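Understanding the architecture of this molecule
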Amino acid sequence: MRMYDIIQKKKYGKVLSKEEIQFMIEGYTKGEIPDYQMSAMMMAICFQGMKEEETLHLTLTMRDSGEVLDLSQITGIKVDKHSTGGVGDKTSLVLAPMIAALGIPVAKMSGRGLGHTGGTIDKLECFSGFSTTLTEKQFYENVNQIHLAIMEQTQNLAPADKKLYALRDVTATVDEPSLIAASIMSKKLAAGADAIVLDVKTGNGAFMKQEEDAFTLAYEMVQIGKNAGKKTVAVITDMDQPLGNAVGNSLEVKEAILSLNGCGPKDVMEVVYALGIEMILAAEKAESPEEAKHMLKQTLQNKTALEKFAEFIERQGGEKRLVYQPELLPIAHIQLQVINTEEGYVSKILAEEIGLACLALGGGRTTKDSVIDLSVGILLNKKRGDMVKVGDTLATIYANHMELAKEAYGKIVCAYQVQKEPISAVPMIKGIVH
Ligand code: URA
């Protein structure tokens with residue numbers, strides 16, 4: 001087999017066989033196929049797309065390029081949740097303890113943030129001492145004993161995807177739905193859960209700017225999951241403005257704790273409930289969405305979710321008292337208010353711009369080795385639909401350097417769009433793909 005012929009075949013829109021896909025992925029991972037040939041292939045896929053069976057073969061070959069976790073040592077149906085990435089997305093921090101409080105095992109592999117989106121692992125590191133470098137044995141033990149453990153993705157999880165993603169990132173070939181679906185699902189399948197609930201974001205802060213593309217991606221991922229023998233469901237959610245009011249690691253952790261205390265922002269809780277219902281149904285712990293929602297609400301009312309979060313933080317080496325005294329979490333020393341200059345209604349808050357403002361403050365990574373400042377971020381005082389007068393505070397910047405705060409100020413001003421007429425409410429949940 002020659003890589004040249006496989007590229008040629010895809011260039012003319014033909015369907016690649018399982019053997020051809022295995023040849024190219026295995027060869028590329030071993031370094032036998034050079035970047036320039038793989039780049040040509042990725043671009044050909046961007047133009048010609050892939051059929052369902054090709055996407056499945058690509059996913060499974062990437063899954064099998066490294067370690068595939070065997071979670072059979074954990075009792076019960078293991079449900080994983082994954083978000084395609086957004087700004088202010090702290091749903092995992094809220095949802096994982098809610099689900100675990102119901103006795104459903106949550107064995108989660110998470111990542112760090114890159115670019116304008118945040119990562120769960122960074123947020124958890126706001127608790128001093130917290131560690132996500134667990135051995136597999138510790139990971140299984142924690143899930144069996146307290147129903148919740150979060151571990152950083154190991155180096156050996158789908159290494160083929162790691163190499164290919166880095167290549168796609170620099171060759172403008174990231175945003176093809178089949179490639180994204182295969183990339184995400186190869187890692188999810190390698191992480192070993194029995195069921196997968198996907199939060200597919202759509203809007204200006206998401207990979208999929210158009211709702212239609214988000215549905216295409218959701219459908220592709222659900223098909224892969226099912227074809228690989230896993231229960232899979234995708235919830236398509238709004239990312240046309242940041243989720244909740246807090247953006248930035250420590251601020252988001254505080255908002256997650258507020259949510260676990262039953263005082264979460266409406267949009268955050270809508271997403272939490274929509275995903276949580278699917279997780280509970282997938283774990284076969286409720287007969288109907290109504291019953292599942294009732295169970296979720298109870299974990300907040302009786303504080304079992306908050307207690308579970310504290311137990312989890314302590315178990316992984318973090319300071320438990322911070323869960324009950326979130327005012328002690330790291331916080332930047334400069335607070336700068338972004339002032340409104342135009343009367344009307346907030347029609348848009350460009351999530352990507354807000355994410356970039358947080359990045360400018362030092363709250364995100366520009367390269368995978370960047371050191372991030374957990375204490376900086378942005379609190380959105382006004383959200384889409386709110387009426388605003390001249391002089392109102394739109395947002396509050398938390399910074400450690402005034403020049404960075406000023407840079408963020410400019411981006412936040414650009415992110416807020418105000419119009420004269422009131423705007424109608426935008427649904428948070430766009431649909432569910434089963
Ligand atoms: N996230 C991934 O893991 N892979 C992609 O291709 C896009 C987003």
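Presented here is an overview of the structure given in this document. As the structure is a computational prediction, the values presented were derived from the model and not from experiment.

1. Some details on the overall build of the chain
Helix and strand counts for the chain stand at 17 helices and 13 strands. For the chain, the C-alpha radius of gyration of 22 Å lies close to 22 Å, the compact-globule estimate for 434 residues. Counting only residues that meet the buried cut, the chain has 55% of its 434 residues in that class. In the chain, 78% of the contacts between residues at least 6 apart in sequence involve partners at least 24 apart. Within the structure as shown, the chain displays about 17700 Å² of accessible surface, and the carbon and sulfur contribution to it stands at 51%. Averaged over its 47 positive side-chain charges, the chain has a centre that lies 1 Å from the centre of its 56 negative ones.

2. As for the sheet that holds strand E8 (residues 344-349)
With antiparallel pairing, the 3 strands of this open sheet are ordered in space as E10-E8-E12. For this open sheet the edge positions go to strand E10 (387-388) and strand E12 (416-419), each flanked by a neighbour on one side alone. Sheet strands in contact with helix H17 (residues 402-415) are E8 and E12, and its direction is about 35 degrees off that of E12.

3. Brief notes about the site of the ligand
Taken together, Tyr165, Arg168, Ile180, Ser183, Ile184, Lys187 and Phe207 form the complete shell of residues around the ligand. Within the side chain of Arg168, one N or O atom sits 2.9 Å away from an oxygen atom of the ligand. Within the side chain of Lys187, one N or O atom sits 2.5 Å away from an oxygen atom of the ligand. For the ligand, whose accessible area on its own is 240 Å², the fraction buried by protein is 88%. Every element with two or more residues in the shell around the ligand is listed here: helix H8 (159-170) and helix H9 (177-190). Per element, the largest residue contribution to the shell around the ligand is 4 residues, and it comes from H9. Among the residues forming the shell around the ligand, the class breakdown is 4 nonpolar, 1 polar and 2 charged.

4. Notes on the environment of Ala190
For Ala190, the location among the structural elements is in helix H9. Overall, the relative accessible area of 0% leaves Ala190 in the buried class. Ignoring anything within four residues of it in the chain, the contact list for Ala190 reads Arg63, Glu67, Val68, Leu69 and Leu157.

5. Details of unusual backbone geometry
Despite not being glycine, Ala158 shows a phi value in the positive range, around 45 degrees. Structurally, Ala158 can be placed in the loop between strand E3 (148-152) and H8. Positive phi outside glycine occurs at Ala172, with the angle close to 55 degrees. Turning to its location among the elements, Ala172 is positioned in the loop between H8 and H9.

6. Things to note about the nonpolar core
Met98, Phe127, Phe309, Phe312, Ile354, Ile378 and Ile412 are the most contacted members of the largest nonpolar core, which totals 87 residues. Per-element accounting of this core gives the leading share, 11 residues, to helix H12 (residues 266-282). The next biggest cluster of nonpolar side chains, apart from the first, holds 21 residues, and it includes Tyr28, Met42, Ile45 and Ala160.

7. Description of helix H11 (residues 249-260)
When the terminal C-alpha atoms of H11 are compared, their 17 Å separation across 12 residues agrees well with the 16 Å that a helix rising 1.5 Å per residue should span. The buried fraction of H11 is high, at 10 of 12 residues. Within the sequence span of H11, burial applies to Asn249, Ser250, Leu251, Glu252, Val253, Glu255, Ala256, Ile257, Ser259 and Leu260. Positive phi shows up at Gly262, right after H11, with a value of about 90 degrees.

8. Looking at the pattern of salt bridges
Throughout the structure, instances matching the rule amount to 26 salt bridges. A salt bridge links Arg365 to Asp122; its shortest N-O distance comes to 2.9 Å. Of this pair, Arg365 sits in the loop between helix H16 (351-360) and strand E9 (377-380) while Asp122 sits in helix H6 (residues 120-124), placing them 243 residues apart in sequence. In terms of burial, Arg365 and Asp122 fall into one category: buried. When the shortest N-O distance is used, the salt bridge between Glu352 and Lys209 registers 3.2 Å. Taken together, the residues span a long stretch of sequence, with Glu352 in helix H16 and Lys209 in the loop between strand E4 (195-202) and helix H10 (211-227) at a distance of 143 residues. What makes Glu352 partly exposed here is its relative accessible area of 29%.

9. Some words on the packing of helix H5 (residues 91-101) against H12
Direction vectors running N to C along H5 and H12 enclose 40 degrees, while the axes themselves pass 10 Å from each other. Here H5 lies oblique to H12, going by the angle between them. Judged by the sense of rotation from one axis to the other, the crossing of H5 with H12 is right-handed. From H5, Thr91, Val94, Leu95, Met98 and Ile99 reach across to H12, where they touch Val268, Val271, Val272, Tyr273, Leu275, Gly276, Met279 and Ile280. Of the residues contributing to the contact of H5 with H12, the split by class is 11 nonpolar, 2 polar and no charged.

Conventions used here
- Residues numbered from 1 in each chain as written.
- Predicted model: local features only at pLDDT ≥ 70, side-chain atom pairs only at ≥ 80, totals over all residues.
- Heavy atoms only, no water.
- Helix = DSSP H or I, 4+ residues; strand = E, 2+ residues; numbered from the N terminus.
- Rg over C-alpha atoms; globule rule 2.2 N^0.38 Å.
- Buried < 20%, exposed > 50% of the residue type's maximum accessible area, 1.4 Å probe, protein only.
- Contact = heavy atoms within 4.5 Å.
- Areas by Shrake-Rupley, 256 points an atom, 1.4 Å probe, with all protein chains shown as cover.
- Lys, Arg positive; Asp, Glu negative; His and termini not counted.
- Charge placed at Lys NZ, Arg CZ, Asp CG, Glu CD.
- Pairing = 2+ DSSP bridges.
- Axes fitted to C-alpha atoms, helices over the stretch in contact; angles between N-to-C directions.
- Near = heavy atom within 4 Å.
- Polar contact = N/O pair within 3.5 Å; in protein donor to acceptor, adjacent residues only side chain to side chain.
- Nonpolar A, V, L, I, M, F, W, Y, C, P; charged D, E, K, R; others polar.
- Core = buried A, V, L, I, M, F, W, Y, C linked by side-chain atoms within 4.5 Å.
- Expected span 1.5 Å × (residues − 1).
- Salt bridge = Lys/Arg side-chain N within 4 Å of Asp/Glu carboxyl O.
- Parallel < 35°, antiparallel > 145°, perpendicular 65-115°, else oblique.
- Left-handed = near helix turned anticlockwise from the far one by under 90°.

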